Amino acid sequence: MKIVIIIPTYNEKESIGELIDALESEFLLISSHEMHILIVDGNSPDGTAEAIKQKQKIYHNVDLIIEKEKRGLGMAYIAGMKYAVNHLNADAFIEFDGDFQHDPKDIKRLIAELDNGYDYVIGSRYVAGGGVPGDWAFHRKLLSKFGSLFIKLVLSLPTNDNTSGLKLSRVKGFFDKLPLDENKILSKRHAYKIHLLYEMMRLGVKVKEIPIVFLERESGNSKSSFEDIIESLKVTLSLFFKKKF
Ligand SMILES: Nc1nc2c(ncn2[C@@H]2O[C@H](COP(=O)(O)OP(=O)(O)OP(=O)(O)O)[C@@H](O)[C@H]2O)c(=O)[nH]1
Ligand SMILES: [Mg+2]
């Protein structure tokens, strides 16, 4: 199968080159699939795209989309997903952050579950063995954990980490059934994850959560903010009311 790792970046010059190297070394351990990297850069002013172009000279399985401007995490991922399916003929894709908060070593664990017949594999911080960075402030830990629980209860989901950014989606029969339209997605930013998760679950995916430890950012700055928390609440409630009416 062809599996595309989609990585959105905005000012990740410090980490992206090293991340591509780390992923390429992991790919050497995955012989049964064709692995590809697709980076969607929000026209970063720090030279992220240049660092990626340097790596494209070494590796021939790295694609780069440069957006006109930073449009939000959700918009970057949706552009990447469309490209992966329509231009790269992906059978599955993996959402992966560009700041080393996700461990490249987890890629093969996600793929093992695809091989086991699962359609949707979530890297989960909230199942036994999973976790968040130890130095996250107490309120951030609480908000993240209870946020996921809130989404689970309101939307009647079986999953425990409902805002995870590391997951694998099977295209055929599932992702390709979604009317994926930039204007229909309920959030252009981080909360798009809740909407896509909900829609994938409605399609009847066979879902598996595997434990992951979310790492601390090594360099660069976070782009998530208080606005993303409010949007997550709005998206969850609007899905709840849509479901009922
Ligand atoms: N192209 C693009 N990439 C983005 C945008 N927002 C965030 N990113 C990238 O998406 C990935 C995840 O964003 P982060 O800001 O790290 O979000 P987060 O991991 O929820 O927040 P932290 O834990 O604070 O790092 C990173 O690689 C960012 O560079 C955007 O608007 N456009
Ligand atoms: Mg991050």
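Report follows, based on the coordinates. Predicted, not measured: the structure shown is a model, and the values here were computed from it.

## Quick word on the sheet that holds strand β4 (residues 92-95)
The strand order across the open sheet built from seven strands is β3-β2-β1-β4-β6-β5-β7, with neighbouring strands paired in mixed fashion. In this open sheet, the two edge strands, each paired with only one partner strand, are β3 (62-66) and β7 (207-211). When strand polarity is set aside, the average angle formed by the axes of neighbouring strands in this sheet is 20 degrees. Set on the sheet, helix α1 (residues 13-27) makes contact with β1 (2-9), β2 (34-41) and β3; between it and β2 the angle comes to about 165 degrees.

## Comments concerning the site of ligand 1
Taken together, the neighbourhood of ligand 1 is formed by 24 residues, with E12, D99, Q101, S222 and K223 sitting nearest. D97 is positioned such that a nitrogen or oxygen atom in its side chain is 3.4 Å from an oxygen atom of ligand 1. Considering ligand 1 on its own, with 630 Å² of exposed area, one finds that the protein chains cover 95% of that surface. In terms of residue class, the shell around ligand 1 is made up of six nonpolar, eight polar and ten charged.

## Comments concerning helix α3 (residues 73-86)
If you check α3, its first and last C-alpha atoms are 20 Å apart, about what 14 residues at 1.5 Å a residue would give, namely 20 Å. Of all 14 residues in α3, ten are buried, a share of seventy percent or more. Along α3, the residues classified as buried are L73, G74, M75, A76, Y77, I78, A79, G80, M81 and A84. Looking at the buried residues of α3, the elements they touch are β1, β2, β3, β4 and α6 (192-202).

Rules of the game
Residues numbered from 1 in each chain as written. Chains lettered and ligands numbered in written order. Predicted model: local features only at pLDDT ≥ 70, side-chain atom pairs only at ≥ 80, totals over all residues. Heavy atoms only, no water. Pairing = 2+ DSSP bridges. Helix = DSSP H or I, 4+ residues; strand = E, 2+ residues; numbered from the N terminus. Axes fitted to C-alpha atoms, helices over the stretch in contact; angles between N-to-C directions. Contact = heavy atoms within 4.5 Å. Near = heavy atom within 4 Å. Polar contact = N/O pair within 3.5 Å; in protein donor to acceptor, adjacent residues only side chain to side chain. Areas by Shrake-Rupley, 256 points an atom, 1.4 Å probe, with all protein chains shown as cover. Nonpolar A, V, L, I, M, F, W, Y, C, P; charged D, E, K, R; others polar. Expected span 1.5 Å × (residues − 1). Buried < 20%, exposed > 50% of the residue type's maximum accessible area, 1.4 Å probe, protein only.

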